[in-house]
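# Examining the three-dimensional arrangement
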Amino acid sequence: MLRRTFANALLGTALAVTVTAVPAEAAQSRALTGPLPSTITLPSGFQPEGIAIGKKPYAYFGSRVDGDIYRVDLRTGAGRTFSEGPGTASLGLKIDDNRLFVAGGAGGNARVLDLRTGEVLKSYQLQPVGTTAFINDVIVTDDAAWFTDSRNAVLFKLPFGRHGKLPAAAAAVPITGDFVQGEGNNANGITTTPDGRALIVVQSNTGSLFRVSYSGVATKVDLGATETLVNGDGLWLRGRTLYAVQNRLNVIAKVELNRKGTAGTVVSRTGDPSFDVPTTIAEFGKRFYLPNARFTTPAEPTTAYNAVAVPIP
């Protein structure tokens, strides 16, 4: 696949590589000796948003339509429905050992699945039914899972008990400090600071990045006088390097942070001709995987969807 990295804008055009479907047995044999597929076909009408990949070569995708979770073998591209949804969306996803944490979008909910069986271990109604909410993304730390709500200035924490035991209920943690709630999508992608002592949250509508303490106090990350991450969606941290998907811009921004996550420099933006409004990001091997949400394409039951893999910038 041909791609190009750049500082502030996409220039020129590039060619996309298509992946030809092959029988499962042949694909599995080839996967043992050849490169993994660069394009993953998802069910028609699926409307993907979130992705999670654990230690094994399986990717999990969430549907915005009904919350189904679809699991794909990255070696072959073959997939199946892993867990049927509750009728509300499945957006941000993260894996913790043998559990999958799922953000429930406008349903105002979240759930935790057994990664071995797809069984729902526990469900949480984070915002009351009927309340304007958009539970958008999730990050798992050593002692808790944290969810963003793009319609309200609040994080939701699932504090773990002994041996990672799930709590009976979530705790609401209001976002205060520099964070100002506005129109549109607000708190979206979430990860931790490089030192692990706080959270990093991107505000999609303004493009601002915030360091948020575990008590909810937000401090705007200094990215320079003119730089923003507008349309920022999924975040991925590797050491001190933060990768932010700018969905409608069809790019991955690479940000070098200081250890505390108080300041950073956008060093590059990477686009690819296979991007069609990618929303979030997961890593396996030496590649990033991104689902194409195709927000600018009419969503019909027959609309085609996929996920794509690109080298880590």
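In what follows, the accompanying structure is described. (Residues numbered from 1 in each chain as written. Predicted model: local features only at pLDDT ≥ 70, side-chain atom pairs only at ≥ 80, totals over all residues. Heavy atoms only, no water.)

### Considerations on the nonpolar core
Counting residues in hydrophobic clusters, the biggest one holds 16 residues, and the most contacted among them are Phe101, Leu126, Ala145, Phe147 and Leu158. Counting only elements with at least two residues in this core, the list comes to strand 8 (99-103), strand 9 (109-114), strand 11 (135-140), strand 12 (144-149) and strand 13 (154-159). Leaving out residues up to four positions away in the same chain, Ala145 has contacts with Phe101, Val138, Ile139, Val140, Phe156, Lys157, Leu158 and Phe160. Counting 15 residues, the second-largest nonpolar core is a separate cluster that includes Ile40, Phe61, Leu74 and Ala282. (Core = buried A, V, L, I, M, F, W, Y, C linked by side-chain atoms within 4.5 Å. Buried < 20%, exposed > 50% of the residue type's maximum accessible area, 1.4 Å probe, protein only. Helix = DSSP H or I, 4+ residues; strand = E, 2+ residues; numbered from the N terminus. Contact = heavy atoms within 4.5 Å.)

### Describing the sheet that holds strand 16 (residues 187-192)
The sheet built from 5 strands is open, its strands ordered 15-19-18-17-16 with mixed pairing. Taken across any chain shown, the strands that pair with only one partner, and hence form the sheet edges, are strand 15 (176-177) and strand 16. (Pairing = 2+ DSSP bridges.)

### Observations concerning unusual backbone geometry
Residues other than glycine seldom take positive phi values, yet Asp97 does so here, at roughly 55°. In this fold, Asp97 is placed in the loop between strand 7 (93-96) and strand 8. Taking the relative accessible area as the measure of exposure, Asp97 reaches 63% and is therefore exposed. In this model, Val277 sits at a positive phi of 60°, which is unusual for a non-glycine residue. Tracing the backbone shows Val277 in the loop between strand 23 (264-271) and strand 24 (282-284).

### Focus on the packing of aromatic side chains
Applying the stated rule across the entire model yields 6 aromatic pairs. On the numbers, 5.9 Å between centres and 40° between planes, the contact of Phe101 with Phe160 is tilted. A residue pair is termed long-range when its members are at least 10 positions apart, and Phe101 in strand 8 and Phe160 in the loop between strand 13 and strand 14 (171-174) qualify at 59 residues. An identical accessibility class is assigned to Phe101 and Phe160; each is buried. Taken together, a centroid distance of 5.6 Å and an interplanar angle of 35° make the contact between Trp146 and Tyr214 tilted. With Trp146 in strand 12 and Tyr214 in the loop between strand 18 (208-212) and strand 19 (217-220), this pair connects stretches of sequence that are 68 residues apart. (Phe/Tyr/Trp six-rings, centres within 6.5 Å; stacked < 30°, edge-to-face > 60°.)

### Details of the side chain of Asn292
Inspection of the secondary structure assignment puts Asn292 in the loop between strand 25 (287-291) and strand 26 (305-311). For Asn292, the side chain forms a polar contact with the main-chain oxygen of Ser274, separated by 3.0 Å. Polar contacts involving the side chain of Asn292 include one to the main-chain amide nitrogen of Asp276, which spans 2.7 Å. Once you skip the residues sitting within four places of it in the chain, Asn292 turns out to touch Pro48, Ser274, Phe275, Asp276, Val277, Pro278, Tyr305, Asn306, Ala307 and Val308. (Polar contact = N/O pair within 3.5 Å; in protein donor to acceptor, adjacent residues only side chain to side chain.)

### Considerations on the sheet that holds strand 9
Backbone-to-backbone hydrogen bonds join strands into a sheet, with any given pair of strands oriented parallel or antiparallel. A sheet is described by the order of its strands in space; here 4 strands give the open sequence 7-8-9-10, paired in antiparallel fashion. Each edge of the open sheet carries a strand with a single partner, namely strand 7 and strand 10 (120-125). The average angle at which neighbouring strand axes cross in this sheet is 15°, direction not considered. Strand direction decides the pairing type here: strand 9 and strand 10, joined by 5 bridges, are antiparallel. (Axes fitted to C-alpha atoms, helices over the stretch in contact; angles between N-to-C directions.)

### Overview of the pairing of strand 21 (residues 241-246)
Of all 6 residues in strand 21, 6 are buried, a share of seventy percent or more. Neither face of strand 21 is exposed, since Thr241, Tyr243 and Val245 on one face and Leu242, Ala244 and Gln246 on the opposite face are all buried. The turn joining strand 20 (residues 232-238) and strand 21, which pair antiparallel and follow one another in sequence, is formed by 2 residues; a positive phi near 65° is taken by Gly239. Both strand 21 and strand 22 (residues 251-257) contribute to a ladder of 6 bridges, which runs antiparallel. Bridge pairing in strand 22 places Ala244 opposite Ala253. What sits between strand 21 and strand 22 in their antiparallel hairpin is a turn of 4 residues, with Asn250 showing a positive phi close to 60°.

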